[in-house]
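Single-letter residue listing:
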Amino acid sequence: MASKDDWTYRRKMLQANKEAKATLIALALCIAVWTAGGFGLAGSDIEICGTPLWIVGGTVGTWLFAIAAAVFLAKKVFVDFDLDDDADGADTCDGSSAPTADRVASAHASCEEGRHA
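The numbers attached to residues start from 1 for each chain and follow its sequence in the written order. Under the rules for a predicted model, residues below a pLDDT of 70 receive no local features and side-chain atom pairs below 80 are neither given nor counted, while totals for whole chains, interfaces and linings still include all residues. Only hydrogens and water are set aside; all other atoms, that is, all heavy atoms of the structure, feed into the side-chain values.

K.L.:
Can you lay out helix 1 (residues 9-38) for me, pointing to particular residues and giving the numbers?
P.N.:
Note on conventions: DSSP H or I runs of at least 4 residues are helices, E runs of at least 2 residues are strands, and numbering of each starts at the N terminus. Expected span, for any helix, means 1.5 Å times one less than how many residues it has. When the terminal C-alpha atoms of helix 1 are compared, their 43 Å separation across 30 residues agrees well with the 44 Å that a helix rising 1.5 Å per residue should span. Lys-12, Gln-15, Glu-19, Ala-22, Ala-26, Cys-30, Gly-37 and Gly-38 are the residues of helix 1 that are buried. The contact criterion used throughout is that any non-hydrogen atoms of two residues lie within 4.5 Å. The inward-facing, buried residues of helix 1 contact helix 2 (53-77). Exposure categories follow from relative accessible area, calculated using a 1.4 Å probe and restricted to protein chains: below 20% of the type maximum is buried, above 50% is exposed, and the middle band is partly exposed.

Right under this line is the structure:
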């Protein structure tokens, strides 16, 4: 695997998408834990220090799950990399690095010229 300094702009965006999707999955799981802990335990007569179990499950349980999910994401999914343009490798039609407004226009023009040549 290439070092993080050698990542292309495209690879960085793919990693950012992976992180966003994993975060959405973690959110969905947090909602499921909250639903199961809160509503799923609502029929229980068990109390902890006078507080119904569904309150503890729906609040503390969800909080603990969210912390565990965040730690998992940080250790297994998220990658620390630099988004600066000057550290990128070539990943555009004309061989330049990550797109800026000028580079996008220039690359588009050169790509169009190459297709019509």
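Now, onward.
K.L.:
Which residues make up a nonpolar patch on the surface, and what values go with them?
P.N.:
Like-charged residues are merged into a patch within 9 Å and nonpolar side chains (Val, Leu, Ile, Met, Phe, Trp, Tyr) within 5 Å, provided each residue has over 30% relative accessible area and no salt bridge. Note on areas: Shrake-Rupley, 1.4 Å probe, and residue coverage restricted to the protein chains presented here. Counted as salt bridges are all cases of a side-chain nitrogen of Lys or Arg within 4 Å of a carboxyl oxygen of Asp or Glu. On the surface, Leu-24, Leu-27, Ile-31, Trp-34 and Phe-39 cluster together into a nonpolar patch covering about 550 Å² of accessible area. Of note, Trp-34 is situated in helix 1.

K.L.:
If you had to explain the environment of Ala-16 to someone new, which residues and values would you point to?
P.N.:
Structurally, Ala-16 is set in helix 1. Of the residues examined, Ala-16 reaches a relative accessible area of 31% and is grouped as partly exposed. Residues Ala-16 and Phe-78 lie 62 residues apart in sequence; the distance between their C-alpha atoms is 8.3 Å.

K.L.:
Account for the nonpolar core, with residues named and values stated.
P.N.:
Nonpolar core, defined: a set of buried Ala, Val, Leu, Ile, Met, Phe, Trp, Tyr and Cys residues in which side-chain atoms within 4.5 Å join the residues together. By size, the foremost hydrophobic cluster in this structure holds five residues: Ala-22, Ala-26, Ala-69, Leu-73 and Val-77. Where this core is concerned, the elements lending two or more residues are helix 1 and helix 2. Take this core: its biggest share by element is three residues, from helix 2.

K.L.:
Can you tell me about unusual backbone geometry, naming the residues and giving the values?
P.N.:
At Cys-49, a position not held by glycine, the phi torsion is positive, near 55°. In this fold, Cys-49 is placed in the loop between strand 1 (47-48) and strand 2 (51-52). Look at Cys-49 and you get exposed, because its relative accessible area is 83%.

K.L.:
How would you summarise the packing of aromatic side chains if you had to cite specific residues and measurements?
P.N.:
Working definition: a ring pair exists when centres of Phe, Tyr or Trp rings (six-membered ring for Trp) sit within 6.5 Å. Plane angles under 30 degrees give stacked, over 60 give edge-to-face, the rest tilted. Per the stated rule, a full pass over the model turns up two aromatic pairs. An angle of 35° between the planes, with centres 5.2 Å apart, marks the rings of Trp-7 and Phe-81 as tilted. Pair noted here: Trp-7 is in the segment before helix 1 and Phe-81 is in the loop between helix 2 and helix 3 (101-116), with a separation of 74 residues, a long-range link. Residue classification places Phe-81 among the buried residues on the basis of a relative accessible area of 16%. Taking 5.5 Å as the distance between ring centres and 80° as the angle between the ring planes, the aromatic pair formed by Trp-34 and Phe-39 counts as edge-to-face.

Distances and angles like these do not, on their own, reveal function.
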